[in-house]
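Coordinate analysis (summary)
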Amino acid sequence: MLERTLWHPVALSHGIGRTPVAARLLETPLVLWRDDTGALHAWHDQCPHRGAAFSLGRVTRGQLECPYHGWQFQAGGQCTHVPAVPDFKPGPRHCARVFETREAYGMLWVRLAPPEGEGSPVHQLPAFAAEAEPRLRKVTSGPYVVQASAPRIIENFLDMAHFGYVHEGWLGARDRPEIPPYEVATTPHGVRATSCFAFQPQSSIHAVDGAQVEYTYEVTGPYTAVLTKVPEAGTTALAGLEESIAMFVCPVTEETSVAWTRMAMNDFESPDARLIDFQNTIFGQDQPVLESQRPKRLPLAPDAEVHSAADRMSAAYRRFLLGAGIQWGVIR
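Everything in this summary refers to the structure shown in the same document.

Basis of the calculations
Residues numbered from 1 in each chain as written. Predicted model: local features only at pLDDT ≥ 70, side-chain atom pairs only at ≥ 80, totals over all residues. Heavy atoms only, no water. Axes fitted to C-alpha atoms, helices over the stretch in contact; angles between N-to-C directions. Helix = DSSP H or I, 4+ residues; strand = E, 2+ residues; numbered from the N terminus. Left-handed = near helix turned anticlockwise from the far one by under 90°. Contact = heavy atoms within 4.5 Å. Phe/Tyr/Trp six-rings, centres within 6.5 Å; stacked < 30°, edge-to-face > 60°. Buried < 20%, exposed > 50% of the residue type's maximum accessible area, 1.4 Å probe, protein only. Lys NZ or Arg CZ within 6 Å of the ring centre and 35° of its normal.

**Quick look at the packing of helix H1 (residues 150-158) against helix H4 (residues 312-324)**
Axis angle and axis distance: for two packed helices, these are the angle between their axes and the distance between the axes, and together they describe the pair. Here H1 crosses H4 at 150°, and the two axes come no closer than 9 Å. The hand of the H1/H4 crossing is right-handed. Where H1 approaches H4, its residues Pro151, Arg152, Ile154, Glu155 and Leu158 are matched on the opposing element by Met313, Ser314, Tyr317, Arg318 and Leu321.

Below, the structure written as structure tokens:
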């Protein structure tokens, strides 16, 4: 399955220590932990001996210990010690199932299977260019546990026409719902929309007056999207810097997900809690609508749902998923 060969976010990096943590990705149970060197690991959450959950165990002397019989496994997954038979030398079959991991954007990313050959652009870690800008402050909100498919969540993130109704008084106004025409183009990794304008009464936690705000939206992976706010004249604290927000979604099952937002801001004054509270409010407004949508999986057939000109970006996103061969969380 293609989705198993993609990189997916599964947890915040700082939330993983030497106490094993359970997670799920594509209906696969994971155990996440760090060894004594600080390296992150993601394994199948099942001991090969009698199937107990590693996440109920502990890390001892840099190895993961099964909670059932105390078998110990080193970082590569090989069992090194069976307490009931201390002289026994475990063989290659006495090994945990280990997955590839990467740390990026303050998160742990996991790939369940390698792609064939070098893969395609979709197999690369989704990009978030603002992360590399040292003059921008990085803050993450979430996790948000959502009873909705990952593609539904990403499509909602790309949609501006709901601002005046779902986020009335915040990101939009009922009396100014118009979304002017914008440009959409394909990229090697997804799709990009430019010249996206929407009237917003409060586009950020510091906004005091409404403004016509310009955004760029970009899909950088099947379950990742980034919005970049084009600076308004005379309002940016640091000239030439564009604030960005990424939406990272972990597909847990076909119809349930965990999402995070990663903010790259030029605001160095507000406490983290205030920035996070703003995002919590916005996502809290989206969540009941997302969970009400039927079907829960995103339909990719052009005639499955009706569209308007304001939906050009979501239509392009659906075509991208169809062309990339995505099966998880969609109806083809």
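**Quick look at the environment of Pro177**
For Pro177, the position within the fold is in the loop between helix H2 (163-166) and strand E12 (183-186). Sequence-wise, Pro177 and Trp328 are 151 residues apart; in three dimensions their C-alpha atoms are separated by 33 Å.

**Comments concerning the packing of aromatic side chains**
Enumeration according to the criterion identifies 13 aromatic pairs in this entry. Ring geometry for Trp43 and Phe54: centres 5.7 Å apart, planes at 75°, overall edge-to-face. Placement of Trp43 in strand E4 (residues 40-44) and of Phe54 in the loop between E4 and strand E5 (58-60) is noted, with a sequence separation of 11 residues between them. Judged by its relative accessible area of 0%, Trp43 is buried. Residues Tyr105 and Phe248 carry aromatic rings whose centres are separated by 5.6 Å and whose planes lie at 15° to one another, so their mutual orientation is stacked. A residue pair is termed long-range when its members are at least 10 positions apart, and Tyr105 in the loop between strand E9 (98-104) and strand E10 (107-111) and Phe248 in strand E16 (residues 244-251) qualify at 143 residues. Here the two residues Tyr105 and Phe248 agree in accessibility, since each one is buried. Among the aromatic side chains, those forming a connected cluster through ring pairs are Trp33, Trp43, Phe54 and Phe73. Sitting over the ring of Trp7, Arg102 keeps its end group 5.8 Å from the ring centre. Cation over ring: Arg176 sits above Phe199, and NZ or CZ is 3.9 Å from the ring centre.

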